[in-house]
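If you want the building blocks of each chain, they are given just below.
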Amino acid sequence: MPSTQTRMQAVLRWMRAEDDPLRLPSRLFWVGLALRVAYITLAHTYKIRLILDHFQFGWEMGRIARSLATGYGFANPFNGHSGPTAWTPPLYPLLLAGVFKVFGVYTLKSAWVILTINSIFSAATGCAVYEIAWRCFGRDAKGLKVALWSGWLWALYPAAMQYAVHWVWDMALTALLFSWVLVLALRVRAVGDPTETNPQSARRWLLFGVLWGVIALSNSSLLTFLPACGLWMVWPELTGLPRHVLRALRNAVLAAVCCLAMLAPWVARNWYTFHAFIPMRANLGAELYQSVLQTNDGFPWGGTLSLAEADPEFQRYEHMGEVAFSKAQGERAKEIIRRDPRTFARHAALRVFFFWVSVPHPVEKSVFIEATREANYAFLSLAGLLGLALALHRRVPGAWLFFWAFALFPLIYYFITVQARFRHPLEPIITVLAVYLFQSAELPSEKRRRLAEAHA
């Protein structure tokens, strides 16, 4: 019988894929997926609470999916038959509607299936995390150590999987798409593989356009990062020979056309349905009004709209229609901001703090559990930001791409509202940068050890 130490060494060799390094990403995926599905099944997270007619089963997206599955179209994001909607982007409600169509509306089977699909998205993100790390920090022993720790941390760490196994929402899908956009950007710049012959190929730029189109249809808030991402990718071409500039412009146009083609059906549907140009979502004004109410003090605790059909605000929404209602709410919000811009600025500063340090949250189980949650959230942000600062200081390839993601992606949330889940698309690179930070902290001791060995 092999000893415990021997078995542990075998497991570590398997996790490092010493037998075949090319198989490591697939191992990350399958272990991560198995762990997530086991948790969903054993912890019964698919048993979603039935309160408010299953509203926590996907919230507005679940309501829209139910409307689609029962033949009422892309409509009714709250209670009752309130009419057509563009309250959320269409991709995840369509996915959820497909699950409802096959496994039943708001059933336990549907819950297990959609959470398993979320888990596939989350586990696949681990493969992107691994590639981001080795491309930025190298394929030598130090760089692969960062990649190895980052990949397995994403696969095994509970905080990385929480949105996949608990939430029927788009977070796991959005994080997957965003992380693979970053991988594609690094590939286009040939980061980590300078011998590649044609990194700026038209095929990659077409894929870039497709990915951003899918992201926009999943979570349009990420679009604030798109211009900086594209500019970072073409920058070496723009500063090169004239023929390289022409190739860069061609590639950028190809990507833009491809992205717009992905969005065109949704925009056309909104024009036909609402007789208005709605590129992504129709609820900006309603969300803005909720965020500027003095009673909320910068953080809306309740929903943007009441679920009670007898509520006057809901009846106003139903009577006016979604587009007119949201526009009216937006005008009310602008008037409040004009009257008291200092309070609006103070609330925006508070939301910056909420996004990175601690999002307000009701104490549901115990003060200790809530304090642990807040400490974990703040620790990850701090480690990621310090890792980014170190990467910028050391001129790590890709560091400026990450900087612009950190700087631009959260902007819309600072001015409207913040939830802990909004940070999740950034968490794959936060994971990489946090691991890089702590791996770098080991370097001085390693250096002293090597110097001691050299002088021995």
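Just so we're clear, the structure is a prediction, and the values are computed from it rather than from any experiment. (Residues numbered from 1 in each chain as written. Predicted model: local features only at pLDDT ≥ 70, side-chain atom pairs only at ≥ 80, totals over all residues. Heavy atoms only, no water.)

**Description of the environment of His424**
Inference 1: Of note, His424 is situated in the loop between α19 (411-415) and α20 (427-441).
Inference 2: Taking the C-alpha atoms as reference points, His424 and Leu284, separated by 140 residues in sequence, lie 21 Å from one another.
Inference 3: Other than its neighbours up to four places away in sequence, His424 contacts Trp154, Ala160, Tyr163, Met171, Ala172 and Ala175.
Inference 4: Looking at His424, its side chain comes within polar contact range of the side chain of Glu427, at 2.7 Å. (Helix = DSSP H or I, 4+ residues; strand = E, 2+ residues; numbered from the N terminus. Contact = heavy atoms within 4.5 Å. Polar contact = N/O pair within 3.5 Å; in protein donor to acceptor, adjacent residues only side chain to side chain.)

**Observations regarding the packing of helix α2 (residues 24-42) against helix α7 (residues 141-156)**
Inference 1: As a packed pair, α2 and α7 sit with axes 8 Å apart at the nearest point and diverge in direction by 20°. When the axes of α2 and α7 are compared, the pair comes out roughly parallel. The interaxial crossing formed by α2 with α7 has right-handed handedness. Residues Leu24, Arg27, Leu28, Val31, Gly32, Leu35 and Arg36 of α2 pack against Leu148, Gly151, Trp152, Trp154, Ala155 and Leu156 of α7.
Inference 2: Grouping the constituent residues of the contact of α2 with α7 by class yields 9 nonpolar, 2 polar and 2 charged. (Axes fitted to C-alpha atoms, helices over the stretch in contact; angles between N-to-C directions. Parallel < 35°, antiparallel > 145°, perpendicular 65-115°, else oblique. Left-handed = near helix turned anticlockwise from the far one by under 90°. Nonpolar A, V, L, I, M, F, W, Y, C, P; charged D, E, K, R; others polar.)

**Some words on the side chain of Ser218**
Inference 1: Along the chain, Ser218 turns up in helix α10 (residues 202-218).
Inference 2: The class of Ser218 is buried, set by a relative accessible area of 2%. (Buried < 20%, exposed > 50% of the residue type's maximum accessible area, 1.4 Å probe, protein only.)

**Some details on the packing of aromatic side chains**
Inference 1: By the definition in use, this model includes 33 aromatic pairs.
Inference 2: Measuring from centroid to centroid gives 6.1 Å for Phe178 and Phe409, while their planes differ by 35°, and the two rings are tilted. Note that Phe178 is positioned in helix α9 (residues 171-188) and Phe409 in the loop between α18 (399-408) and α19, a separation of 231 residues in sequence.
Inference 3: You can call Phe178 buried: its relative accessible area is 0%.
Inference 4: A relative accessible area of 0% means that Phe409 is categorised as buried.
Inference 5: Plain terms: the ring middles of Phe355 and Trp356 are 5.0 Å apart, the flat faces sit at 70° to each other, and that makes the pair edge-to-face. Taken individually, Phe355 and Trp356 each receive the classification buried, so the pair is uniform in this respect.
Inference 6: Cation over ring: Arg139 sits above Trp134, and NZ or CZ is 3.8 Å from the ring centre.
Inference 7: Across the ring face of Trp232, the terminal group of Arg189 is positioned such that the distance to the ring centre comes to 4.2 Å. (Phe/Tyr/Trp six-rings, centres within 6.5 Å; stacked < 30°, edge-to-face > 60°. Lys NZ or Arg CZ within 6 Å of the ring centre and 35° of its normal.)

**Thoughts on the state of the cysteines**
Inference 1: Considering all chains together, one arrives at 0 disulfides under this definition.
Inference 2: With no disulfide of its own, Cys136 lies closest to Cys229 among cysteine sulfurs, the gap being 12 Å.
Inference 3: With relative accessibility at 5%, the residue Cys136 sits in the buried group.
Inference 4: Free cysteine Cys229: the closest other cysteine sulfur is in Cys259, separated by 12 Å. (Disulfide = S-S within 2.5 Å.)

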